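The lines below spell out each chain.
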Amino acid sequence: MADTAAREQLRVGRQTVPLSNTGKVLFPADGITKGDLVHYYRDIAEVLLPYLRERPLSLARYPEGLSGERIFQKNVGRHFPDWIPRAEVDKAGGELCQVLAEKPADLVYLANQASIELHAVLSRTGSLHQPDQLIFDLDPPDEDRFGDVRTVALRLRGILADDLGLTAFVKTTGSKGLHVLVPLNSQEDFDPVREFARQVAEVLVRAEPDLVTLEPRKAARGDRIYADIMRNGYAQTAVAPYSVRARPGAPVAVPLHWDEVADPGLSPRGVTIRTISARLDELASSGDPWAGMARHRHGLARPRRLLSGLT
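Here the residue index of a chain counts from 1 through its sequence in written order. Since the coordinates come from a predicted model, pLDDT governs what is reported: local features require at least 70, and pairs of side-chain atoms require 80 or more to be given and counted, while whole-chain, interface and lining totals use all residues. For the side-chain quantities, the full set of heavy atoms in the structure was used; hydrogens and water were omitted.

Visitor: How should I be thinking about empty space enclosed by the protein in this particular structure?
Guide: Only protein atoms enter the 1 Å grid, on which a cavity is a set of points fitting a 1.4 Å probe that cannot get out and a pocket is an open set with protein on both sides within 12 Å along at least 5 of 7 lines, lining residues being those with an atom within 4 Å of a point. Grid points are joined across faces, edges and corners, and a volume is the space filled by probe spheres set on the points. Enumeration over the complete set of coordinates arrives at 2 cavities of 30 Å³ or more. Reported here for the largest cavity is a volume of approximately 100 Å³. Elements that contribute at least two residues to the lining of the largest cavity include exactly β9 (115-121), β10 (133-139) and β15 (237-239). Partitioned by chemical class, the residues of the lining of the largest cavity number 11 nonpolar, 1 polar and 2 charged. Counted as a void, the second largest cavity has a volume near 30 Å³. In this structure, the second largest cavity is lined by P131, L184, N185, S186, Q187, E188, V193, H298 and L300. Going along the chain from the N terminus, every DSSP run of H or I of four or more residues is numbered as a helix, and every run of E of two or more is numbered as a strand. Note on residue classes: Ala, Val, Leu, Ile, Met, Phe, Trp, Tyr, Cys and Pro are nonpolar, Asp, Glu, Lys and Arg are charged, and everything else, Gly too, is polar.

Structure, rendered in structure tokens:
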């Protein structure tokens, strides 16, 4: 049986990817195997890859499934084949060699490493110190507060769009909350971008003081939604759109239309690897929620001036 597993492989484009132990159950409560994960990432590649290209990745790997150890891997493994792309990322005292995903075979290989979750940096390899995304991570104390997360996200969109002239996009995280994202033109370093995010979040807190907090300590948040802006730091990551999450049911982080956020029936884990096809069929009719994102990349000079009138 071991020899049969060793010979297992999958042809993906021009690349033949060796597979191993595809029958390994990664999601015990759901019977979802590593083979299921491999085929999910192969099938979603056309939709997912545009959001990953040129972005160094960190991998949340679960070789023994959800019940086993979580390995959060940044450096490329020594055993990774030469055809897997990678990028050098500066860090204090040295550098990391992080994986990139540029083609479907790359995703299949990573899935075969039991990489359930893909987390991407907010900048691209050509300008790693200048983010092209700004993210607000709206994190509730528990899933029962998701209705408040939706309220906060809509209020935040109003501040960003109506008050500051920025275009905001939104996605579920596949966990408890929502990410609100603003595309940027990569003209500023991370520190001023994060400071801008902090000032916007302060405006949000003043608008919804009973719902939102900037308090990083969980014990001090009470039942308020945490507006986390700390992902807007150099080499920090956010879960990628269409990444699977290591949660029961294998939920998927999915881009949303804003009118979906206004729907009380929205669930933070409503799309899974078993229901993603229906979601994509739905988007074929309603349109990609993040279509045209590249045309809405903003600088922050004017929004910063407008923000000074709100703070």
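Next comes the rest of the write-up.
Visitor: Is there a simple way to explain the pattern of salt bridges in this structure?
Guide: We define a salt bridge as a side-chain nitrogen of Lys or Arg found within 4 Å of a carboxyl oxygen belonging to Asp or Glu. All told, the structure shown has 21 salt bridges when counted by the stated rule. In this structure, the salt-bridge partner of E117 is R245, at a minimum N-O distance of 3.1 Å. Placement of E117 in strand β9 and of R245 in the loop between β15 and β16 (255-256) is noted, with a sequence separation of 128 residues between them. Neither E117 nor R245 differs from the other in exposure class; each is buried. Put simply, R55, R124, D132 and R297 are held in one network by salt bridges that share partners. Burial status follows relative accessibility: with a 1.4 Å probe on protein chains alone, a residue under 20% of its type maximum counts as buried, one over 50% as exposed, and anything between as partly exposed.

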